[in-house]
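Below are the chains, spelled out letter by letter.
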Amino acid sequence: MADSLLDIGGEDIFPLDPNWASRPSHSYNFTRYINQYPGTSTEIETKNDEIPWIVEAEFDIQSKEEEFEFLTFIHTAYGRVKRFWLKHPKSLFRIKDPLSNGSTQINAYTDNSELIAQGYERIWIELSSGDILTRHVSAIVLDEPNNEVQLTLPTAVDRDIALSEVVRIGRILLVRFDNDRISLTIHNDYRSSTRLTFHELVKEYSELAANP
């Protein structure tokens, strides 16, 4: 078939996949203050209930065509100005049941994702055919007796998907670069590499345009 890129507005997707020789990592940007005064107990004050992800990864560019694509993307992003989508490189869910055309629910093995779900999450599914699907997940509910979590999709799946067809499924994050200056290491006439950090924009999911 073809890619089904829905629920992500009109924002671009970062074009490169990370180099797994240097393991990609992510952390959480907590905005909490610890207050303590002499003779009193410690108080933790939360400034932001939504917790953005910070993703860091190295990218290996194997040709001048890839390098041109990367540099063009960097130019259009204007450092920390323009937002875009980043496919989180790690599989964050393991699908339990196959999907059928018109499905609005994904059953996945429990992974504690329901504990941090905020309702703005988007996921991406990579299929063995090379096709990519993106969908909004409006809720993640734990079904403890069946050892699974149920992901609710406001936009239905548009094809039948067998378990054997799913290569990866994880978060796709609305992000910006954390720096206005990008360093590119040139190894030879064809190969170059760069290490980038991305910050999730938890306050901007609500601004996304509706699907056309």
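Before any of the text, the structure's been laid out above.
Points about the sheet that holds strand β10 (residues 139-143)
Right, so step 1: Taking strand neighbours across the sheet as the criterion, the three strands line up as β7-β11-β10 in an open arrangement whose pairing is antiparallel. With partners counted over all chains shown, the strands left at the sheet margins are β7 (105-109) and β10, one partner each. Put simply, the sheet's adjacent strands are angled 25° from each other on average, direction ignored.
Right, so step 2: As defined by bridge partners, β10 adjoins strand β11 (residues 148-152) across five bridges and the pair is classed as antiparallel.

Some thoughts on the nonpolar core
Burial of nonpolar side chains together is a common tendency in soluble globular proteins.
Right, so step 1: F14, F177 and F198 are the most contacted members of the largest nonpolar core, which totals 29 residues.
Right, so step 2: Taken together, the elements giving at least two residues each to this core come down to β5 (53-61), α1 (64-77), β6 (84-87), β12 (166-177) and β14 (192-200).
Right, so step 3: Those residues in contact with F198 that sit more than four places away from it in its chain are F14, W53, I54, V55, F59, F84, L86, V175, R176 and F177.
Right, so step 4: Judged by nonpolar contacts, the second largest core, of 17 residues, contains I95, I125, L133 and V137.

Concerning the packing of aromatic side chains
Right, so step 1: The tally for this structure, following the rule as stated, stands at 13 aromatic pairs.
Right, so step 2: Aromatic pair F14 and F70: ring centres 6.3 Å apart, planes at 90°, arrangement edge-to-face. Of this pair, F14 sits in the loop between β1 (4-5) and β2 (25-28) while F70 is found in helix α1, placing the two residues 56 residues apart along the sequence. Residue F14 shares its accessibility class with F70, and that shared class is buried.
Right, so step 3: Ring centres of F14 and F198 lie 5.4 Å apart, and the angle between their planes is 70°; this geometry places the pair in the edge-to-face category. Separated by 184 residues along the polypeptide, F14 in the loop between β1 and β2 and F198 in strand β14 bring together distant segments of the chain.

With respect to the pattern of salt bridges
Right, so step 1: Counted according to the given criterion, the structure contains 16 salt bridges.
Right, so step 2: The partner of E126 in a salt bridge is R168, and the shortest N-O contact between them spans 2.9 Å. Of this pair, E126 sits in strand β8 (residues 122-127) while R168 sits in strand β12; the two residues are 42 residues apart in sequence, bridging distant segments of the chain.
Right, so step 3: Among the charged side chains, a network of salt bridges with common partners joins E11, R83, R176, E204 and E207.

Remarks on unusual backbone geometry
Right, so step 1: Positive phi outside glycine occurs at D7, with the angle close to 70°.
Right, so step 2: Although it is not a glycine, N147 sits at a positive phi angle of roughly 55°.
Right, so step 3: Considering the arrangement of structural elements, one finds N147 in the loop between β10 and β11.
Right, so step 4: Residue classification places N147 among the partly exposed positions, given a relative accessible area of 41%.

Some remarks on the pairing of β12
Right, so step 1: Counting buried positions along β12 gives 10 out of 12 residues, so the element sits mostly inside the fold.
Right, so step 2: Of the pairings in the sheet, the one linking β6 to β12 comprises four bridges and is antiparallel in character. Counted as the bridge partner of K87 is I172 from β12.
Right, so step 3: Note: β8 against β12, six bridges, orientation antiparallel. Across the sheet, residue I123 finds its bridge partner in β12, namely R171.
Right, so step 4: Sheet topology places β12 next to β14; three bridges connect them, and they run antiparallel. Bridge pairing links R176 to H199 in β14.

Quick notes on the rules
Residues numbered from 1 in each chain as written. Predicted model: local features only at pLDDT ≥ 70, side-chain atom pairs only at ≥ 80, totals over all residues. Heavy atoms only, no water. Pairing = 2+ DSSP bridges. Helix = DSSP H or I, 4+ residues; strand = E, 2+ residues; numbered from the N terminus. Axes fitted to C-alpha atoms, helices over the stretch in contact; angles between N-to-C directions. Core = buried A, V, L, I, M, F, W, Y, C linked by side-chain atoms within 4.5 Å. Buried < 20%, exposed > 50% of the residue type's maximum accessible area, 1.4 Å probe, protein only. Contact = heavy atoms within 4.5 Å. Phe/Tyr/Trp six-rings, centres within 6.5 Å; stacked < 30°, edge-to-face > 60°. Salt bridge = Lys/Arg side-chain N within 4 Å of Asp/Glu carboxyl O.

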